[in-house]
Amino acid sequence: MPSYVITGANRGIGLAFVQNLGADSRNQVFAVVRNKPGATALLEFQSTHPNVHVYQADIIDVKSLKLAAEGMAKVTGGTLDVLINNAALIEESSMASNLTNYDGKEDVLEKLLAESFHVNTIGPIHTSNVFLPLIRKGDLKKIILISTGLADLKATLSVEIDGSAPYSISKAAANMAFAKYAAAVKKEGIVVLSISPGLVNTQQSIPPPEVLAEFAKMIAKFKTLAPEWDGQPITPEQSVEMVLKVIQDATLDQTGGFVSHHGNQEWL
Ligand SMILES: NC(=O)c1ccc[n+]([C@@H]2O[C@H](COP(=O)([O-])OP(=O)(O)OC[C@H]3O[C@@H](n4cnc5c(N)ncnc54)[C@H](OP(=O)(O)O)[C@@H]3O)[C@@H](O)[C@H]2O)c1
């Protein structure tokens, strides 16, 4: 019975992971959320899927992660096959700004960078460390970071994507953190991989006009990067289907790498 932990499982791509994996009763799915009572859609799915378990933890609070892991270990007998580090802080206020715009607003920049680094880089390291003893005893032995194409150096430079700097920097740092993680655990047969899910529509409501305008600018740049791309975000369900295939196919030869939902460097 393969077991999976998914963080940030109450909405967006995380919820779609739970729904996809939970639909197969042979999977044991452990959904981690910050606010269990508020995770309405997830709890509704869980109510008809006894193989889905919901735990409350914040990925920057090690104590809460440890409590969740202890609870899960009792269900699985102390093992875990796949950890999917999906939770992230996706901060939209910095989308329209490049780093030069923070001249005179250093305090704002430092706060954005620190928060993004805390949640997006340190959080997945803490989470991986907490679950590592269970992964070591699992059969599949995979630790995944859900990253972003915005962390890719080549894409950033080729079409001059200068916005969302704190988010992109924190995710690029997370990719390196997971390369370091891979280097540390390769000898134990554990596969570590950073995977970008593509451009995915996870908006819960229609964003304000200024955010939509920034999205449009970014999509125009993405079109230059991938002229054959249709310019449309994919659904969380489509993304998860593709990312799960990449996870399933991942081998120790790829460990520490950074790929897209296509399993290569095509980010769209
Ligand atoms: N959507 C895209 O186009 C896209 C593109 C590239 C990469 N990604 C990556 O894909 C992943 C999922 O993205 P998404 O669009 O589904 O994001 P989302 O809809 O904004 O959801 C983010 C999730 O992370 C959780 N979270 C945030 N901070 C947390 C913390 N400190 N502890 C625990 N959980 C926390 C949120 O919980 P709350 O509900 O409690 O806030 C939420 O469940 C992220 O890693 C993101 O960087 C997304």
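Definitions and cut-offs
All chains use their own residue numbering, which begins from 1 and follows the written sequence. Confidence filtering applies because this is a predicted model: local features only for residues at pLDDT of at least 70, side-chain atom pairs given and counted only at 80 or more, and all residues used for totals across whole chains, interfaces and linings. Where side-chain values are given, they derive from all heavy atoms of the structure, hydrogens and water being excluded. Whenever a carboxyl oxygen of Asp or Glu lies within 4 Å of a side-chain nitrogen of Lys or Arg, that contact is scored as a salt bridge. Elements are defined by DSSP. Helices are runs of H or I of four residues or more, strands are runs of E of two residues or more, and each kind is numbered from the N terminus. Think of it in three bands: with a 1.4 Å probe and only protein chains considered, a residue is buried below 20% of the maximum accessible area for its type, exposed above 50%, and partly exposed in between. Two residues form a contact once any of their heavy atoms are found within 4.5 Å. What a helix is expected to span follows from its residue count: subtract one and scale by 1.5 Å. Each direction from the helix axis to a C-beta atom contributes to the arc, which is the arc of those directions. In these notes, residues near a molecule or strand are those with any non-hydrogen atom within 4 Å of it. Distance and chemistry together define a polar contact, namely a pair of N or O atoms within 3.5 Å, with one atom able to donate a hydrogen and the other to accept it when in protein, and with adjacent residues in sequence counting only for side-chain atoms on both sides. All accessible-area figures derive from a Shrake-Rupley calculation using a 1.4 Å probe, and residue coverage is judged against the displayed protein chains alone. Gly counts as polar in this scheme, as do all residues outside two lists: the nonpolar Ala, Val, Leu, Ile, Met, Phe, Trp, Tyr, Cys and Pro, and the charged Asp, Glu, Lys and Arg.

**Student:** Teacher, can you tell me more about the pattern of salt bridges here?
**Tutor:** Should their charged atoms come close, side chains of opposite charge can pair. Evaluation of the coordinates by the stated rule reveals five salt bridges. For the salt bridge of Asp249 with Lys245, the shortest nitrogen-to-oxygen distance reads 2.6 Å. Here the residue Asp249 and the residue Lys245 both occupy positions in helix H8 (residues 236-249), the gap between them amounting to four residues, near one helical turn. Look at Asp249 and you get partly exposed, because its relative accessible area is 41%.

**Student:** Can you help me understand the side chain of Ser239 in this one?
**Tutor:** Structurally, Ser239 is set in helix H8. Using a relative accessible area of 0% as the deciding quantity, one classes Ser239 as buried. The residues touching Ser239, leaving out its near neighbours within four places in the chain, are Pro197, Val200 and Ile234.

**Student:** Would you explain helix H3 (residues 62-76) in this entry?
**Tutor:** Structurally, the α-helix is built with 3.6 residues per turn, so residues lying three or four positions apart point the same way. The terminal C-alpha atoms of H3 lie 20 Å apart, and with 15 residues this matches the ideal 21 Å at 1.5 Å per residue to within 8%. Of all the residues in H3, the buried ones are Ser64, Leu65, Ala68, Ala69, Gly71, Met72 and Thr76. The buried residues of H3 occupy one face: seen down the axis, they fall within an arc of 160°. Facing away from the buried side of H3, by more than 90 degrees, are the exposed residues Lys63, Leu67 and Lys74. Those residues of H3 that are buried lie in contact with strand S1 (3-7), strand S2 (28-33), strand S3 (52-56) and helix H4 (106-137). Trailing H3 by a residue or two, Gly77 shows a phi angle of about 80°, which is positive.

**Student:** What is the right way to look at the site of the ligand in this model?
**Tutor:** The full set close to the ligand counts 24 residues, and Asn10, Arg11, Arg34, Tyr167 and Thr202 are the nearest of them. A distance of 2.6 Å separates an oxygen atom of the ligand from a polar atom in the side chain of Arg34. Backbone polar atom of Ile59 to a nitrogen atom of the ligand: 3.0 Å apart, as the coordinates give it. Its free accessible area being 910 Å², the ligand has 89% of it covered by the protein chains. At the level of secondary structure, the elements contributing two or more residues to the shell around the ligand comprise helix H1 (12-22) and helix H6 (165-185). Across the shell around the ligand, the residue classes break down as twelve nonpolar, eight polar and four charged.

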